[in-house]
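Structure at a glance
In case you want the letters, here they are:
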Amino acid sequence: MCGIVGYIGKQKASPILINGLMRLEYRGYDSAGISTIEADGLSIMKDKGRVKNLYNLEGINDLKGTIGIAHTRWATHGKPSKENAHPHQDNSKSFSVVHNGIIENYNELKKFLIDNGYKFYSETDTEIVPNLIHYYYTNNNNESGKMKFLTAVKKACSDLKGSFALEIICKDFPDNMVVVRKDSPLVIGKGIDENYISSDIPAILSFTRNFYLLNDFEYVFLSRDSAEFYDKDLNKIDKETKSIEWDATSSEKNGYDDFMLKEIHEQPTAIRETIGAKFNENSKCEFDGLDFSKDYLSSLNRIYIVACGTAMHAGLVGKNVIEKLCRIPTEVDIASEFRYRDPLIDDKTLCIFISQSGETADTIAALKLSKEKGAKTLAISNVIGSSITREADYSIYTHAGPEIAVASTKAYTSQVVLLVILAIYFAEILESDSENLVKLKKEILELPKQVEQCLQLKDKIKEFAKRIYQEKDVFFIGRGVDEAIAKEGCLKLKEISYIHSESYAAGELKHGAIALIEKGVTVVGVITEPTLVEKTISNIQEVITRGAKTLIVTNQKVDKSMFDTVLEIPETNPFISPVIATVPLQLLAYYISKEKGLDVDKPRNLAKSVTVE
Ligand code: AGP
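Residues numbered from 1 in each chain as written. Predicted model: local features only at pLDDT ≥ 70, side-chain atom pairs only at ≥ 80, totals over all residues. Heavy atoms only, no water.

**Observations concerning the site of the ligand**
- Taken together, 14 residues lie around the ligand, and Ser 355, Gln 356, Ser 357, Thr 360 and Glu 495 are the ones closest in.
- Ser 355 is positioned with one of its side-chain polar atoms (N or O) 2.6 Å from an oxygen atom of the ligand.
- For the ligand, a nitrogen atom lies 2.9 Å from a polar atom in the backbone of Val 406.
- For the ligand, whose accessible area on its own is 410 Å², the fraction buried by protein is 91%.
- Of all the secondary structure elements, the ones that give two or more residues to the shell around the ligand are α8 (309–326) and α15 (481–497).
- Grouping the constituent residues of the shell around the ligand by class yields five nonpolar, seven polar and two charged.
- Mapped onto the domain boundaries, the shell around the ligand takes at least three residues apiece from domain 2 (254–445) and domain 3 (453–599). (Near = heavy atom within 4 Å. Polar contact = N/O pair within 3.5 Å; in protein donor to acceptor, adjacent residues only side chain to side chain. Areas by Shrake-Rupley, 256 points an atom, 1.4 Å probe, with all protein chains shown as cover. Helix = DSSP H or I, 4+ residues; strand = E, 2+ residues; numbered from the N terminus. Nonpolar A, V, L, I, M, F, W, Y, C, P; charged D, E, K, R; others polar. Domains from an automatic or database assignment.)

In structure tokens form, the structure reads like this:
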């Protein structure tokens, strides 16, 4: 979590830094700060609260420095406060540092520094970093110039356990900056006589399309017109830029009130782009970079799909399709649990990791473990060059464009579409059920149009949202793949409306949770599984009997008079119905959040990219 931005060029740095931070606020927004190199040394300005508060700080407009670092925080160590906000400095104010990640051994290092006379003024793990760099810098009489700066950073980083993306400026180097990363994202955007640094690409996309992607423990010594790269032992290395196709306007709101609403409406395009040229009705599925053989797929003992939150919910849909089309046992795991449960992995296991950002720490850790145990690993991400795609043996991409709102919408539906196409690709290699596969492909091509139709339901959904936005508890139920849809609708609601919600397999409710159903409680029922319609309706009947108010999302024939509100969505193959059935649930969460006057894009306590374990 946390977002970091840096600038080194000829323009005044502070507006560029603050502007960049605003675009990164989805990564954390409890405090923010910048440090620039001014004529009289390093300046620091920071405060508790949103990035925009920086504009109110006295003297911020007087900053003239053309080099600077900046940070928006999501608190891990120490409460949100001015003292704990970044940047942090060493005691002699020679170094300013911003950090994204967690230093796991900071207590041990803090003790070492205190024993060596250093004092600490914040509760953060980060404050040890500038002091450690200072310690190695002042104790190095063998080197001078940039190697002295780089060696101090390198020695400090070698002591750190955990994850970090760091930007460091030093008063002795008024024209330079050093950056490095380990397990936390950091990119460098190359301009003309200027360089931009950021936690992610969209924040600086309006300045450049050419990016250097850093690997762990690569050190960069930046000047206005150059970026010198060094490996972990400070040997110089070459690095090429990568050109990014997203355009800057795709990370703007484009007239929508919020990014979430914009991203919900972008789903038809995102799905179309994700389908891309992977197949047409008569051709087999193809993925650039995948070369699975029939022998390999037939030899698999199991597939694991590992992810977090919404991406994990997409995995549940993927499991359903892969098992039914390919008959390969498939398990879905929450990434933060996966590596601690000693999973059964060997060279006959394929592990698929889904992450919109490609930077989720739990997912990356699970991927590394799977590789160590000999599995082949396949990453699904929305971000080219993101950490999971660089770690995995194979990578395939959703093409949803940048997703800014914390609540994931277009990334989810694109992930589901991609997983279904992947399942078809496997099934075609395994030579199974070709007639149904052709039909399914046709139905996938219909999805963008069907999502458009679901978006037309928004007035009805808004009306229902007005009725229930003050409620305390909402339940989501469904059977089969409809349970996976219910889970996603439930997460969306609690995440942005702060209403307590639970999702259940409809048939499981009566084994306990039905005790919570009383007059007026809202139950959202999802009915898209044709073979389970009657069973699910019986379960919904059970809650109606106990006084529940019901909202039904369905593409099946049901007696509408039974329910309070019915949202009719287009009929499609049950494998892909989650793509369309989730859209009304996204809109429901959105409108409830709006009715409550909440910040839809930046819900409390959350961050878009969870780069801590
Ligand atoms: C969804 O709305 C969430 N904000 C969250 O669950 C998210 O899907 C999860 O943190 C995983 O993120 P990733 O796809 O970037 O790995």
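**Quick look at the side chain of Asp 30**
- Its location among the elements puts Asp 30 in the loop between α1 (13–24) and β2 (31–38).
- With residues near it in sequence (within four places) discarded, Asp 30 still touches Lys 48, Gly 49, Arg 73, Trp 74, Ala 75 and Pro 80. (Contact = heavy atoms within 4.5 Å.)

**Details of the environment of Leu 419**
- In this structure, Leu 419 sits in helix α12 (residues 410–429).
- Counting along the chain gives 207 residues from Leu 419 to Tyr 212, while the straight-line C-alpha distance between them is 29 Å.
- When residues no more than four places from it in sequence are discounted, the contact partners of Leu 419 are Ala 314, Gly 315, Gly 318, Ile 354 and Ile 380.

**A few points about the sheet that holds strand β3 (residues 41–48)**
- One open sheet accounts for eight strands, arranged β3-β2-β4-β1-β10-β9-β11-β15; its pairing is antiparallel. The open sheet has two edge strands with one neighbour each: β3 and β15 (242–243).
- For β2 and strand β4 (residues 67–73), the ladder comprises six bridges, and the chain directions are antiparallel. Bridged to Gly 33 within β4 is His 71.
- Where α1 meets the sheet, its contacts fall on β1 (3–8), β2, β4 and β10 (195–198), and the angle it forms with β1 comes to roughly 155 degrees. (Pairing = 2+ DSSP bridges. Axes fitted to C-alpha atoms, helices over the stretch in contact; angles between N-to-C directions.)

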